[in-house]
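Overview (structure and organization)
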Amino acid sequence: MSGIALLAPDPTILARRDAIVAGLRAIVPGEGVIVSEDERRAFESDALTAYRRVPMVVVLPSTTEQVAEVLAFCSREGVPVIPRGAGTSLAGGALPQEDAVVLGVAKMSKVLDVDLANRTVRVQTGVTNLGVSAAIAHEGFFYAPDPSSQLACTIAGNVAMNSGGAHCLKYGVTTNNLLGVTFVTLKGEIVEIGGDALDAPGLDMLGLICGSEGQFGVVTEATLRILPLAEGARPILFGFPSPEAAGACVAAVLGAGIVPVAIEYMDKLAIDICEDFAKAGYPRDVGAMLIVEVEGSAAEIDEQLARIGAIAEAHGATYARQAKTLAEAAAIWKGRKSAFGAMGRVSDYICMDGTIPTGKLPEVLTRIGEICEAQGLKVANIFHAGDGNLHPLVLYDMNDPVSLAKAERAGEDILLACVEAGGCLTGEHGVGIEKRDLMTAQFTRIELMQQMRVKSVFDPAWLLNPAKVFPLENRIAKAAA
Amino acid sequence: MIRDDHMETVSPFDEAGIEATIREAAEAGTPIVVRGAGSRSGLGRPVQAAITLSTERLTGVTLLEPSELVVSAKAGTTVAEVEAELARVGQRLAFEPLDHRALYGTTAEPTVGGLVATNASGPRRVIAGAARDALIGVRLTTGRAETIRSGGRVMKNVTGYDLVKFACGSHGVLGVVTEATFKTLPIAETEATLVLEGLDDAHGVAALCAGMGTPFEVSGAAHLPALNGAPSRTCLRLENFESQVAYRAGQLAARLKGFGTASRLDAEASRTLWREIGAAASLLGAPERAVWRVSVAPTRGPGVVARLGPLAEAHIYDWSGGLIWVATSAEGDAGASTLRPIVREARGHATLMRAPDAVRAAVDVFEPEAPALARLTAGLRASFDPAGVLNLGRMHAR
């Protein structure tokens, strides 16, 4: 176990465990309350696997009303609640604590309504991200935000973390594609926010809740904006002699008035590892690679790719391969989309998630290299180049505590370098516990205080996901619930 | 309203001046009304305040980075200046700002601060999002006289709560936005608009929804009912590279054949038409009329208008039918007691955009909130402005 401090369990809560379990069972019958240690252990971590805590009890309600009763009960009993979607957070956003109830939405996973004319779907938030698109693909529509974990991650988690993905350069992140939610407060009130219109009345509560990391309440249903699928899409792959050349090409493409749906960057180490795994046909003799995807009719795609190709050539691209068939397109994406899995095969890694102004790319990449070298660690860089969202993967050995400590140190230094360059600590993964203690590098005390006041309006006793987002020191005083 | 001779206008040159003004007012419990250029000063409930805090002297574009698709400007900078600076590098704001001057009969150039405070978003909302979607960073001086930042200059940022969105459209009740950073996009090479004539509301909105369901990236979708003997017009805008617009216009017209034969407006005529649709005012008749803005799922729009009956003296649909501008008589409650229940039944909401001060003081200008939501709103507001001095009563009666 390692560097990030977690809250010590409250013995007075642990002592009441049986009564708390009984209270939850009175609300959620049968298998919906998980008590045995073996079964609870399945919930002990999320995708930030270096940190684990077996929760006191897990509850999986089947209705919004049950969620409301569970929250009201926990609020009355003063028991911490850790909301959970699929547990795919890379930031420890769903990490439990020993004295907490994990409240999962897994049993609420229906697509409730599809309204093609108004281009919306209404879902229970336990549905997976890909499940939404799968439900409407045959009608020629899709749900745009596409985090890498989209096969597993839920809309509940996407809303909590305001998740992004490779295609948000064009289509935006979760908050730009969310029209309404059923939101359950800690007191157990069920509040409808927004709806199926393009805007909501009053203060932008929807915008505030999206990305609040499960610290304000639990979202049980959501109305999502869906979009018609493009006539076609085609990726093109470019190899460049250096990261600088690739970075300059990205700036030139955007500056030329072309906004592709995605621009993905991979460095040499990332290319090699992905290629070993996916056999995607990536060039091995280049310093960096870009995957650029454009959409439209065949003729439109040809025209855009011709413009992009000319820009890439002018910026020294030494390799270009356009997908000519769907299979070739899939192969180009396969390497990129399997990057995290491929990396996991060769080494343990921590995946960082800073964003930088894209113009600072060359200097930040150099800095990342220096930081990791200083710790004696390797780093592979993968990122969403169009929007400056970096995913350096710092390779380490999980069985060696010294190696983990070094990786965490390197990760911190990388994120601080992102902030120094005018960027931020997290572009799409969220703060969770992982970046919690770095928040003081991004925000002033005054700014953090105002954010904490906002949390206190929703959760005066700080019961919802309490160990996350804000450093444990200098927290706002809890109000009596 | 308090008479002008009792009002003091303060126009600080910098954030420190904004902070000082708010600090003094909060300590003394003196209400402040926040103001940009005043181009939208008829929006919201009338505010009684002894001090007008103006942002008009906080000016200047502070960051313009075309290759990063980003622009920042201080609150008092005119939207026109930002747009001109962007146009110089072939870009524009990623959303379409809505200009309220025609609606309110004002002349002052709208400012960035007012744009953010009202989330004023025009026809391109249907595809490009609203002001709140393009806004990626703010500096906000709260009612605590503290200046906080949220977001920043990068496109993707989930560091801390999204107070950027929360500040956008908050009508100055949380704080004074002193600087804003927006995502930008390249200006489309050209545009064209397809127009179908003679459709009734239901068919017009159905055509808009059908157009929005195609892959051709319709960037404006409005239905203008028959007026003074001229037939109704159902309008769908395409913006893109020249060759794409040509191709897509043909494809879209073919998909909409069931609704009639579409004529095509070229770029110049298209731009004029959408300016007119965005401004709404001239399409709604006499300036004495009250104007409501109804937001609803598009397909339920025509039903709402039908139920309003003669109360709706004029109306137009934007946002694929999901935004209805409705003109009513400004007498009495401007139709609020009839209109609100009808809109609510359609699961929509309504804002009284234009009406005499006395009417806007007497009726809810914004949709009343359910009790649980109203409690959260009040709590959040108090966390930003504990003394309750900023734009008190602008959004909801005290």
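Residues numbered from 1 in each chain as written. Chains lettered and ligands numbered in written order. Predicted model: local features only at pLDDT ≥ 70, side-chain atom pairs only at ≥ 80, totals over all residues. Heavy atoms only, no water.

Within chain A, the secondary structure is distributed over 17 helices and 18 strands. The C-alpha atoms of chain A give 23 Å as radius of gyration, which agrees with the globular expectation for 481 residues (23 Å, within 12%). Over its C-alpha atoms, taken along the principal directions, chain A stretches across nearly 70 × 55 × 45 Å. Surface exposure of chain A reaches about 16100 Å², of which carbon and sulfur atoms provide 55%. Chain A carries 40 positive and 57 negative side-chain charges, and their two centres are separated by 3 Å. (Helix = DSSP H or I, 4+ residues; strand = E, 2+ residues; numbered from the N terminus. Rg over C-alpha atoms; globule rule 2.2 N^0.38 Å. Areas by Shrake-Rupley, 256 points an atom, 1.4 Å probe, with all protein chains shown as cover. Lys, Arg positive; Asp, Glu negative; His and termini not counted. Charge placed at Lys NZ, Arg CZ, Asp CG, Glu CD.)

So, on to unusual backbone geometry. Its identity is not glycine, yet Val469(A) carries a phi of approximately 70°, on the positive side. Counting through the fold element by element, Val469(A) comes out in the segment after helix H17 (445-458). Accessibility expressed as a relative area gives 1% for Val469(A), which makes it buried. Despite not being glycine, Asn228(B) shows a phi value in the positive range, around 50°. Here Asn228(B) lies in the loop between strand E11 (218-224) and strand E12 (233-240). A residue is classified by how much of its surface remains accessible, and Asn228(B), at 76% relative accessible area, is exposed. (Buried < 20%, exposed > 50% of the residue type's maximum accessible area, 1.4 Å probe, protein only.)

Residue and element names in this part refer to chain A. Ordered by their spatial adjacency, five strands build an open sheet running E5-E6-E10-E8-E9, and the pairing between neighbours is antiparallel. Every interior strand has two partners, whereas the edge strands, strand E5 (111-115) and strand E9 (190-194), have only one. If you compare each strand with its neighbour and ignore which way they point, the axes differ by 10° on average. Note: E5 against strand E6 (residues 120-124), four bridges, orientation antiparallel. What sits directly across from Val114, in E6, is Val121. (Pairing = 2+ DSSP bridges. Axes fitted to C-alpha atoms, helices over the stretch in contact; angles between N-to-C directions.)

Now for the packing of aromatic side chains. This structure, assessed with the given rule, holds 12 aromatic pairs over all chains. Between Phe470(A) and Tyr161(B) the ring centres are 5.5 Å apart and the planes differ by 75°, which places this aromatic pair in the edge-to-face class. Note that Phe470(A) is positioned in the segment after H17 and Tyr161(B) in the loop between strand E8 (147-151) and helix H7 (163-167), a pairing that runs across two chains. Residues Phe470(A) and Tyr161(B) agree in their burial class; the two are buried. (Phe/Tyr/Trp six-rings, centres within 6.5 Å; stacked < 30°, edge-to-face > 60°.)

Residues and elements named next belong to chain B. With respect to burial, strand E15 (residues 314-318) is a largely interior element, five of its five residues being buried. Residue alternation in E15 divides its side chains into two sets, Ala314, Ile316 and Asp318 and His315 and Tyr317, and both sets are buried. Where E15 lies against strand E16 (residues 323-328), five bridges are found, and the strand directions are antiparallel. Paired with Asp318 across the strands is Leu323, a residue of E16.

Let us now look at the packing of helix H2 (residues 17-27) of chain A against helix H4 (residues 64-77) of chain A. Residue and element names in this part refer to chain A. Remark: H2 packs on H4, axes separated minimally by 9 Å, with the N-to-C direction vectors making an angle of 155°. Here H4 runs roughly antiparallel to H2, going by the angle between their axes. Along this stretch, H2 crosses H4, giving a crossing that reads as right-handed. Residue-level inspection shows Ala19, Ile20, Gly23, Leu24 and Ile27 of H2 in contact with H4, the latter providing Gln66, Glu69, Val70 and Phe73. Grouping the constituent residues of the contact of H2 with H4 by class yields six nonpolar, two polar and one charged. (Parallel < 35°, antiparallel > 145°, perpendicular 65-115°, else oblique. Left-handed = near helix turned anticlockwise from the far one by under 90°. Contact = heavy atoms within 4.5 Å. Nonpolar A, V, L, I, M, F, W, Y, C, P; charged D, E, K, R; others polar.)

Time to look at the interface of chain A and chain B. The interface is formed by 86 residues belonging to chain A together with 69 residues belonging to chain B. Together chain A and chain B conceal approximately 6500 Å² of surface at their shared face, both sides included; 57% is due to carbon and sulfur atoms. Interface area lost by chain A to chain B is led by Leu198(A), Leu203(A) and Gln450(A), which between them contribute 11%. Here chain A is connected to chain B by 10 salt bridges. Note that Glu300(A) is salt-bridged to Arg248(B), the shortest N-O span being 2.6 Å. Remark: the boundary between chain A and chain B carries 27 residue pairs in polar contact (both at pLDDT 80 or more). (Buried area = accessible area lost by both parts, 1.4 Å probe. Salt bridge = Lys/Arg side-chain N within 4 Å of Asp/Glu carboxyl O. Polar contact = N/O pair within 3.5 Å; in protein donor to acceptor, adjacent residues only side chain to side chain.)

All names here are of chain A. Read across the sheet, seven strands follow the order E15-E12-E14-E13-E17-E18-E16 without closing on themselves; strand pairing throughout is antiparallel. What marks the edges here is a single partner per strand, and that holds for strand E15 (319-322) and strand E16 (348-351). Put simply, the sheet's adjacent strands are angled 15° from each other on average, direction ignored. Two elements, strand E12 (residues 233-240) and E15, share four bridges in a ladder whose sense is antiparallel. The residue bridging Phe238 from the neighbouring strand is Ala320, located in E15. Where helix H13 (residues 339-346) meets the sheet, its contacts fall on E16, strand E17 (379-384) and strand E18 (389-396), and the angle it forms with E16 comes to roughly 145°. Lying on the sheet, helix H14 (residues 361-374) is in contact with strand E13 (262-267), E17 and E18; it crosses E17 at an angle near 150°.

All names here are of chain A. Along the chain, the position of Glu69 falls in helix H4. In this structure Glu69 comes out as partly exposed when scored by relative accessible area, which is 44%. Residues Glu69 and Thr426, spaced 357 residues apart in sequence, show a C-alpha to C-alpha distance of 33 Å.

On to the domain arrangement of chain B. Residues and elements named next belong to chain B. The domains assigned to chain B are domain 1 (1-187 + 368-398), domain 2 (190-277) and domain 3 (281-362). On a C-alpha basis, the centroid separation for the pair domain 2 and domain 3 is 24 Å. On the domain 3 side, the residues contacting the 15 residues of domain 2 number 13 residues. Taken together, both faces of the contact between domain 2 and domain 3 bury some 1100 Å²; the carbon and sulfur share is 64%. If you look at where domain 2 meets domain 3, you find zero salt bridges. In this assembly, domain 2 and domain 3 are joined by five residue pairs in polar contact (both at pLDDT 80 or more). For the side of domain 2 that touches domain 3, the secondary structure elements donating two or more residues are helix H8 (201-212), E11 and helix H10 (267-279). If one sorts the elements of the side of domain 2 that touches domain 3 by residue count, H8 sits on top with six residues. When the residues that make up the side of domain 2 that touches domain 3 are grouped by side-chain class, the tally is 12 nonpolar, one polar and two charged. (Domains from an automatic or database assignment.)

Okay, the nonpolar core next. The biggest cluster of nonpolar side chains holds 172 residues, and the ones touching the most others in it are Met205(A), Val394(A), Phe182(B) and Trp325(B). Looking at which element gives the most residues to this core, the answer is helix H15 (residues 401-420) of chain A, with eight residues. If sequence neighbours within four positions are ignored, Trp325(B) has contacts with Leu98(B), Leu103(B), Ala280(B), Leu284(B), Val291(B), Trp292(B), Arg293(B), Ala314(B), His315(B), Ile316(B) and Met353(B). (Core = buried A, V, L, I, M, F, W, Y, C linked by side-chain atoms within 4.5 Å.)

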